[in-house]
Amino acid sequence: MRYPKLRELKEAIRALIKGPYTQRFPYVAHKPFDSFRGKPEFHEEDCVGCGACAQVCPARAIEMKDEGDVRTLTVNWGLCIFCGQCQANCLTGKGIVLSQEFDLAVVGSRQELSQKIEKKLLLCSCCGEAVATFEHILWVSKKLGPLTFANASLMLFYLGDLGLAQYKEGPPGSEAEFSRPDRIRVLCPRCRREAVLKS
Ligand code: SF4
Ligand code: SF4
């Protein structure tokens, strides 16, 4: 016959005095540890819509879709593996944060297990391609400080946001030949290269 070890005896006595180790969830709410990785949630006011989280997500649980001048970011908790990569690689560090929520069961559709946010896109004034979201460009401008003025698109947008310049928003719908003044327009990288080469 094997006798219980001292450690097991100690645990049994402790459980008798202090109560069982197991919890009465779901009858009693469970509070996870501070470092627990639960449901990732977008914090819309801190997210600039850069899409880095969608690119690094190994489970492809974050979807990014550009339609017209709107970028939609959706996090699907049904696909999420709670790895924390989205939070770790978030541009602002606060745009998507893993909460302590783990009880995600739903009785309805899987669509309920998602969160969607929308951001306004800045479009190239020549071809109409998305350049980036307004908030992303503003974030980059502020980060760069005076270096913002080294890039015409950033400079125009930055000054436009301050009400000191006007930039043409949206696609002109023409494949016009570039001339020198076209360099000072909000352009996507491809059109900027063409503008520089052709003008
Ligand atoms: S926690 Fe991991 S799997 Fe879940 S959304 Fe973030 S990066 Fe994707
Ligand atoms: S700011 Fe953060 S949460 Fe928002 S799109 Fe970029 S990486 Fe994702």
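Cut-offs used in this document
- Residues numbered from 1 in each chain as written.
- Chains lettered and ligands numbered in written order.
- Predicted model: local features only at pLDDT ≥ 70, side-chain atom pairs only at ≥ 80, totals over all residues.
- Heavy atoms only, no water.
- Helix = DSSP H or I, 4+ residues; strand = E, 2+ residues; numbered from the N terminus.
- Rg over C-alpha atoms; globule rule 2.2 N^0.38 Å.
- Buried < 20%, exposed > 50% of the residue type's maximum accessible area, 1.4 Å probe, protein only.
- Pairing = 2+ DSSP bridges.
- Axes fitted to C-alpha atoms, helices over the stretch in contact; angles between N-to-C directions.
- Near = heavy atom within 4 Å.
- Nonpolar A, V, L, I, M, F, W, Y, C, P; charged D, E, K, R; others polar.
- Core = buried A, V, L, I, M, F, W, Y, C linked by side-chain atoms within 4.5 Å.
- Domains from an automatic or database assignment.
- Salt bridge = Lys/Arg side-chain N within 4 Å of Asp/Glu carboxyl O.
- Phe/Tyr/Trp six-rings, centres within 6.5 Å; stacked < 30°, edge-to-face > 60°.
- Lys NZ or Arg CZ within 6 Å of the ring centre and 35° of its normal.

Examining the overall build of the chain
(1) Moving on: When you go through the chain residue by residue, the secondary structure sums to six helices and six strands.
(2) Moving on: Order of helices (α) and strands (β) in the chain, N terminus to C terminus: α-β-α-β-β-α-β-β-β-α-α-α.
(3) Moving on: For a compact globule of 199 residues, the expected C-alpha radius of gyration is about 16 Å, and the chain comes in at 26 Å, more than 25% above that figure.
(4) Moving on: The principal-axis extent of the C-alpha atoms belonging to the chain is close to 95 × 40 × 35 Å.
(5) Moving on: Out of the 199 residues in the chain, the part that is buried amounts to 32%.

Describing the sheet that holds strand β6 (residues 130-133)
(1) Moving on: Taken together, four strands build an open sheet; the order of strands is β2-β3-β5-β6 and the sheet is antiparallel. Both outer strands of the open sheet, β2 (62-67) and β6, are each paired with one neighbouring strand and no more. Geometrically, the sheet is characterised by an average inter-axis angle of 30° between neighbouring strands, direction not taken into account.
(2) Moving on: For β2 and strand β3 (residues 70-76), the ladder comprises six bridges, and the chain directions are antiparallel. Its bridge partner lying in β3, Ile 62 is registered against Val 75.

Focus: the site of ligand 2
(1) Moving on: Around ligand 2, the surrounding shell holds 13 residues, and the nearest of these are Cys 47, Cys 50, Gly 51, Cys 53 and Cys 90.
(2) Moving on: Classifying every residue of the shell around ligand 2 by side-chain character gives ten nonpolar, three polar and no charged.

Focus: the site of ligand 1
(1) Moving on: Around ligand 1, a shell composed of Pro 40, Cys 57, Pro 58, Ala 59, Ile 62, Cys 80, Ile 81, Phe 82, Cys 83, Gly 84, Gln 85 and Cys 86 is seen.
(2) Moving on: Tallied by class, the residues present in the shell around ligand 1 amount to ten nonpolar, two polar and no charged.

Quick notes on the nonpolar core
One recurring pattern in soluble globular proteins: nonpolar side chains tend to sit buried together.
(1) Moving on: Counting residues in hydrophobic clusters, the biggest one holds 18 residues, and the most contacted among them are Phe 42, Cys 53, Ile 62, Leu 73, Cys 86 and Ile 96.
(2) Moving on: For this core, the secondary-structure elements that each account for two or more residues are α2 (52-56), β3 and β4 (96-98).
(3) Moving on: Phe 134, Ile 137, Leu 156 and Phe 157 belong to the second largest nonpolar core, which has nine residues in total.

Section: unusual backbone geometry
The phi angle of most residues is negative, glycine excepted, and most peptide bonds adopt the trans form.
(1) Moving on: The omega angle of the peptide bond from Phe 25 to Pro 26 is 10°, so this bond is cis rather than trans.
(2) Moving on: In this model, Arg 60 sits at a positive phi of 55°, which is unusual for a non-glycine residue.
(3) Moving on: Among the structural elements, Arg 60 can be located in the loop between α2 and β2.

Re the domain arrangement of the chain
(1) Moving on: One can read the domain layout of the chain as domain 1 (34-121) and domain 2 (145-198).
(2) Moving on: Taking the mean C-alpha position of each, domain 1 and domain 2 sit 31 Å from one another.

Things to note about the pattern of salt bridges
(1) Moving on: Tallied over the full model, the rule gives eight salt bridges.
(2) Moving on: Note that Glu 11 and Arg 7 form a salt bridge whose closest N and O atoms lie 3.0 Å from each other. Of this pair, Glu 11 and Arg 7 both sit in helix α1 (residues 6-18), four residues apart, which is roughly one turn of that helix.
(3) Moving on: Overall, Arg 7 belongs to the exposed group, its relative accessible area being 52%.
(4) Moving on: The salt bridge involving Lys 39 is made with Glu 41; its shortest N-O contact spans 3.5 Å.
(5) Moving on: The partly exposed category is assigned to Glu 41, whose relative accessible area is 23%.
(6) Moving on: Put simply, Lys 39, Glu 41 and Glu 101 are held in one network by salt bridges that share partners.

Quick look at the packing of aromatic side chains
Centre-to-centre distance and the angle between the planes together describe a pair of aromatic rings.
(1) Moving on: Per the counting criterion, the structure on display carries four aromatic pairs.
(2) Moving on: Here Phe 25 and Phe 102 contribute two aromatic rings whose centre-to-centre distance is 5.5 Å and whose plane-to-plane angle is 50°, an arrangement assigned as tilted. Of the two residues, Phe 25 sits in the loop between α1 and β1 (40-42) while Phe 102 sits in the loop between β4 and β5 (114-123), which places them 77 residues apart along the sequence.
(3) Moving on: Since its relative accessible area comes to 32%, Phe 102 is described here as partly exposed.
(4) Moving on: Where Phe 134 meets Phe 157, the ring centres are 5.3 Å apart and the plane angle is 75°; that geometry is what we call edge-to-face. Taken as a pair, Phe 134 in helix α4 (residues 134-144) and Phe 157 in helix α5 (residues 152-161) lie far apart in primary sequence, 23 residues in all. Like Phe 134, the residue Phe 157 is buried in the burial classification.
(5) Moving on: Every member of this aromatic cluster is reached through a ring pair, and the members are Phe 25, Phe 36 and Phe 102.
(6) Moving on: The side chain of Lys 39 reaches across the aromatic face of Trp 77, ending 4.2 Å from its centre.

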